[in-house]
4 protein chains.
Amino acid sequence: MIRFDCDYVEGAHPRIVEYLVETNMEQTIGYGEDEHCIHARKKIQKVFACEHADVHFLVGGTQTNLTAIAAVLKPYQGVIAASTGHINVHETGAIEACGHKVLAIPSEDGKITAEQVQEMYDAHWSDESHEHIVQPGMVYISFPTENGTLYSKKELEALSAVCKKCSLPLYIDGARLGYGLTSKANDIAAQEFVKYSDMFYIGGTKVGALMGEALVIVNDAFKKDFRYLIKQKGGMLAKGRLLGIQFEALFEDDLYFEIARHANHLAEKIKAGFLEKGYQMLFDSPTNQQYPIISDEKLKELSEKYAYCYWCRVDENHSAVRICTSWATKEENVAKLLEDI
Amino acid sequence: MIRFDCDYVEGAHPRIVEYLVETNMEQTIGYGEDEHCIHARKKIQKVFACEHADVHFLVGGTQTNLTAIAAVLKPYQGVIAASTGHINVHETGAIEACGHKVLAIPSEDGKITAEQVQEMYDAHWSDESHEHIVQPGMVYISFPTENGTLYSKKELEALSAVCKKCSLPLYIDGARLGYGLTSKANDIAAQEFVKYSDMFYIGGTKVGALMGEALVIVNDAFKKDFRYLIKQKGGMLAKGRLLGIQFEALFEDDLYFEIARHANHLAEKIKAGFLEKGYQMLFDSPTNQQYPIISDEKLKELSEKYAYCYWCRVDENHSAVRICTSWATKEENVAKLLEDI
Amino acid sequence: MIRFDCDYVEGAHPRIVEYLVETNMEQTIGYGEDEHCIHARKKIQKVFACEHADVHFLVGGTQTNLTAIAAVLKPYQGVIAASTGHINVHETGAIEACGHKVLAIPSEDGKITAEQVQEMYDAHWSDESHEHIVQPGMVYISFPTENGTLYSKKELEALSAVCKKCSLPLYIDGARLGYGLTSKANDIAAQEFVKYSDMFYIGGTKVGALMGEALVIVNDAFKKDFRYLIKQKGGMLAKGRLLGIQFEALFEDDLYFEIARHANHLAEKIKAGFLEKGYQMLFDSPTNQQYPIISDEKLKELSEKYAYCYWCRVDENHSAVRICTSWATKEENVAKLLEDI
Amino acid sequence: MIRFDCDYVEGAHPRIVEYLVETNMEQTIGYGEDEHCIHARKKIQKVFACEHADVHFLVGGTQTNLTAIAAVLKPYQGVIAASTGHINVHETGAIEACGHKVLAIPSEDGKITAEQVQEMYDAHWSDESHEHIVQPGMVYISFPTENGTLYSKKELEALSAVCKKCSLPLYIDGARLGYGLTSKANDIAAQEFVKYSDMFYIGGTKVGALMGEALVIVNDAFKKDFRYLIKQKGGMLAKGRLLGIQFEALFEDDLYFEIARHANHLAEKIKAGFLEKGYQMLFDSPTNQQYPIISDEKLKELSEKYAYCYWCRVDENHSAVRICTSWATKEENVAKLLEDI
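This is a predicted model, so every value here is computed, not measured.

### What about the relation of the copies chain A and chain D?
Part 1 of the argument: Least-squares fitting of chain A to chain D yields an RMSD of 0.0 Å, with the superposition described by an axial translation of 0.0 Å and a rotation of 180 degrees. Such a combination of turn and shift is consistent with a two-fold rotation axis.

Dropping the structure here:
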């Protein structure tokens, strides 16, 4: 069985594992204040041109999202997100468990527009009974989205402008940020996230690490006492170095982007291969997640050799599936898959 | 200015006020365990044929909803409701503040169907990642709905059957229950609510009381320790008698239904009047809330003499408004309104 | 049976009831924005010399406490309170249900001192692991306390100074504020609460109203969007006028203080009577709650004629009970009680 | 600088690291359902004689505690714990953030007694106003405690019996369970935890792992849907194998207990050394945490060469500190320390 179902089927990239082995016997202080964390922070601040931002390492994506959002919202506020957003559909109500409504905006491809945000904002404030309605308190987007798609610079700029105008902090879920940044379709530089968002996170789990995400708090308003919240929500590791060491490795010699480029490159091959053979794609994704639409018959056949992630029914005898690549995906396996379709 | 904007513009029905005056100097114990509360409970159990149900008096609708729902759901469960449901749109996220997601089902007229509930249930349990998704834990409907519409007995029966099959407790928000029960379009008896639902509440605030709702807990599973929750959520009055006395009065000599019939009667007149003059109604409501669609010009004119509740824009120069009747609405004011349209 | 068990055994003071009757047929807008609420607010702002404060009417004490505290604290903060404080022991965890720890300070008589607050604050911030500990975020005191005792002006001044120094907003639970203000032992003027506290509430339920408390928000930082929270927590009445009307009556012709003075006067008589006959008091209360220590034998005898609130076991054959007076307590019943002890 | 400040200053035990390296390129499914997790579960079920228990792997101690407690308690219930308990003092209010009060029982040495639990339970249920008070819903103890002390079998038996009698599920925080089980002072077998408790967790982070705890759910009542809660609270790793692999290694060839025995052995040496030289210990700990009382002068001297955890001021010129050992502690460093005191 060759697994293409997600980008977390193997352990960590070998250079991360090596560095963990190498540093294993060092003695460090706990809870994310050790030298490795400090060093990793500095590397991230440099790569993302955010020297004045705070960088925190958290355990996983849901944890990062719920902690970040809980830090921003007032008790009567909600977070605007695409209806397809991870926080709206795949975190078992983590945001609601912190007391906040997810204000879902309909989305086909995983993205929302500046106009939609403006509309939701206006609808709230123009309602005479607005005190009876959850107040929009921030905006959440994913880059890339859960469907592999990307915001263009123009789209992100527009979203960011509306958010600033409406005093809605913009938070970017970058669980797969690397794949977005290194996509051929991308026109936004790593150094620009600090300009467009109030907070964003750099995904580790899905980009080569064992686990771990780096949350970048750009807006001063949300920096104070953030570590209290990480601890309260269960996201602070005693051996915090485990996260620092991994992010040090990821941002040494461009490894983070190298990993992502490798995965994107193979994803493009897969996409091209499917399209060439006349398949259609559910989403036009330029990143490491691809969504071919496959007949039931073919799918049955493929499922004997390949693991994929079932996505949805498309018509009577076709379904869309998700195929993912990662740092560990092998050219030869991609070649086999393309032969078999 | 004649107010038609809601059914709570006056104080309480005179017979309630009289009874409050009459009993004012009695000494009773506190927190809803006095003789008046006991007596009111018995009357309700009789009228609704639910001798084995627990009856609690709470302060208001949002309070009742959040307390009832918090009592039923496990932390990872959500409540299925119409997208237009009061808990989804007009309670400032009260349910989410208790940690639970509202699982909204699209609805045009305020109702949801048995099929929709079954579909949402099936979608959850057939998803391989269902542990990553909020689990449907109960169903919330309003009778009448927020749009004045009613479930037929057949519809409620079907909903109830699906709920039972899927082990989803059914909770009915009866903020305006009286208007529903006495509507000419209604074919469900008061005595049948105990059969179809696990919990329902009999609205007082909007049916003649100063404030107060009577929550009827039918399902034994949710009876235990319920008073702890009422207290914790701030819904337990020291002078709990204030609620008992009002519900005693409401269920003395059929007052509750008399109030509702009066309001429905005038609402029907209003509806007929509007239709006769060629107006369209946004919803086909057989209860005390009516939703005529009115031109901007006419609306401007009317707004000098009448208070209504603005509902929504319908087209370039028409809007829908809500017009409500209550125990206190006067025939002569209805006549004036119909003259002026 | 003559009830002395609490100050909420009867309905409302007759002048409140009369005003409710008188205004019953008026048409007003809902949710606390009607003319009666506006008028009541102005009266309160005048009596408490707080023209710049926001005044909100809420349903009850627990509701007011949880809403006010939820408005002030960040998710990782707790509220400092006496171990005997109402929020710590008699609100079924309402504060915790909003996500916040009550940081209890040991107290014998219901009061806490400026020194204790300073110590708790210092202990937190001097702890190297303070991020692992709930951060003190505000201070809650009751005036009078749950034991009937009062802070002197000097004590309150000191507490207030520490709170300001430590940036800990001070919130005063005035469920029985009237009894405190009119106590012969009191040296703090109504007009001074605005100076010492960031928020306080003026209790209605226990001082003659059917129900209702007036929350005064002094500190600008906590004013914004407060009505959203009232709605979310279920404390906003559709017929909000019910609260406004009652507070209008309470602050017309000094009724609020008249009620309290009457109750205090009779409480003093009771206290003097008990002391004269050689009884001891558990707390030295100068307000409407008295705590005589009574032998089992005597208590049994009294309980045939009088209702009291059992407080606690004192020694092998003595217990303390609470005896309360109110606007409705009659001189003759006090005389009977004193005869019978 | 030689670090004795905690038991998590190094990475993981080499055999764990080796196993991570060895398995790194395997492809597994995510979220804790892979072969390694399954295998690790079986090993734990065998060692702890709990074949019918569910075993879940979570990220850290706070996370495990808050998830387990949230799964057990109803919204109006609290958890009984020692005042010194980790959940009461060192988790930034994680339990309260889930809506529950920690009902603290005074404790000097970190333990609570069966009598204290019975008393708290009785006090609640004998109070006439018990609905106004948080209901005791479960009991939390730590083994070893936060002070290094242990419950004897007799004590645990008594606690367990009271808990069963009062229907209070007993949950044991075993962040350092290995050190307790292998302590010379311990008379409770690993196989007995299933008998005495409803849930307990086997700490990994502080006993040689990079991170991770194994929660054992003994009581059927709390098994259902537990994975939803893990996901919601952010404790479910995409690469769940990371936890499975570590626990497989820990329970291969008795490694878990070997690690603990090593640390306990050196802790005993430290304790003996201090006592021999006339020092006093703050707690009489038979596990890997030792609490010598040291003069300011001496402490200053030691702090130049050794890292310890400052505990508390004892008298004018003495403080207690915590000294910890772990799998990585070297005999030679212990020898140096003992020379220097």
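The discussion continues.
### Remarks on the interface of chain A and chain D
Part 1 of the argument: Between chain A and chain D, the contact holds 45 residues from the first and 46 residues from the second.
Part 2 of the argument: When the two sides are added together, the surface that chain A and chain D hide from each other amounts to roughly 3900 Å², 57% of it contributed by carbon and sulfur.
Part 3 of the argument: Applying the counting criterion to the chain A and chain D interface returns 0 salt bridges.
Part 4 of the argument: Counting across the chain A and chain D interface gives 26 residue pairs in polar contact (both at pLDDT 80 or more).
Part 5 of the argument: Tallied by class, residues from the side of chain A that touches chain D come to 23 nonpolar, 14 polar and 8 charged.

### Describing the state of the cysteines
Part 1 of the argument: Under the criterion given, the structure shown has 0 disulfides over all chains.
Part 2 of the argument: With no disulfide of its own, B:Cys37 has C:Cys6 as its nearest cysteine by sulfur position, at a separation of 14 Å.
Part 3 of the argument: For B:Cys50, which is in no disulfide, the shortest distance to another cysteine sulfur is to B:Cys37 and amounts to 16 Å.

### Some words on the interface of chain C and chain B
Part 1 of the argument: Contact residues are listed per partner, giving 45 residues for chain C and 45 residues for chain B.
Part 2 of the argument: Overall, the association of chain C and chain B removes approximately 3900 Å² of surface from exposure, summing both partners, and the carbon and sulfur fraction of that is 57%.
Part 3 of the argument: Between chain C and chain B we count 0 salt bridges in total.
Part 4 of the argument: At the junction of chain C with chain B, the criterion picks out 26 residue pairs in polar contact (both at pLDDT 80 or more).

### With respect to the pairing of strand β13 (residues 309-315) of chain B
Residues and elements named next belong to chain B.
Part 1 of the argument: Sheet analysis places β13 next to strand β14 (residues 318-324), joined by 5 bridges and oriented antiparallel. Paired with arginine 313 across the bridge in β14 is serine 319.
Part 2 of the argument: The hairpin formed by β13 and β14 contains 2 residues between the paired strands.

### Focus on the packing of helix α12 (residues 255-276) of chain D against helix α14 (residues 331-340) of chain D
When two helices pack together, their arrangement is given by the angle between the helix axes and the distance between those axes.
Residues and elements named next belong to chain D.
Part 1 of the argument: Orientation of α12 relative to α14, taken along the N-to-C sense of each, is 10 degrees, at an axis distance of 10 Å. Judged by the angle between their axes, α12 and α14 are roughly parallel. On α14, the residues that touch His265, Leu266, Lys269, Ile270, Gly273 and Phe274 of α12 are Glu331, Val334, Leu337 and Leu338.

### Description of the sheet that holds strand β3 (residues 77-82) of chain D
All names here are of chain D.
Part 1 of the argument: Spatially, 7 strands are ordered β2-β8-β7-β6-β5-β3-β4 in an open sheet, and the strand pairing comes out mixed. The sheet terminates laterally at β2 (54-58) and β4 (102-105), the two strands that pair on one side only. When strand polarity is set aside, the average angle formed by the axes of neighbouring strands in this sheet is 25 degrees.
Part 2 of the argument: Contacting β2, β7 (199-203) and β8 (213-217), helix α2 (residues 35-47) runs over the sheet at an angle of about 125 degrees to β2.

Conventions used here
- Residues numbered from 1 in each chain as written.
- Chains lettered and ligands numbered in written order.
- Predicted model: local features only at pLDDT ≥ 70, side-chain atom pairs only at ≥ 80, totals over all residues.
- Heavy atoms only, no water.
- Least-squares fit on C-alpha atoms with pLDDT ≥ 70 in both.
- Contact = heavy atoms within 4.5 Å.
- Buried area = accessible area lost by both parts, 1.4 Å probe.
- Salt bridge = Lys/Arg side-chain N within 4 Å of Asp/Glu carboxyl O.
- Polar contact = N/O pair within 3.5 Å; in protein donor to acceptor, adjacent residues only side chain to side chain.
- Nonpolar A, V, L, I, M, F, W, Y, C, P; charged D, E, K, R; others polar.
- Disulfide = S-S within 2.5 Å.
- Pairing = 2+ DSSP bridges.
- Helix = DSSP H or I, 4+ residues; strand = E, 2+ residues; numbered from the N terminus.
- Axes fitted to C-alpha atoms, helices over the stretch in contact; angles between N-to-C directions.
- Parallel < 35°, antiparallel > 145°, perpendicular 65-115°, else oblique.

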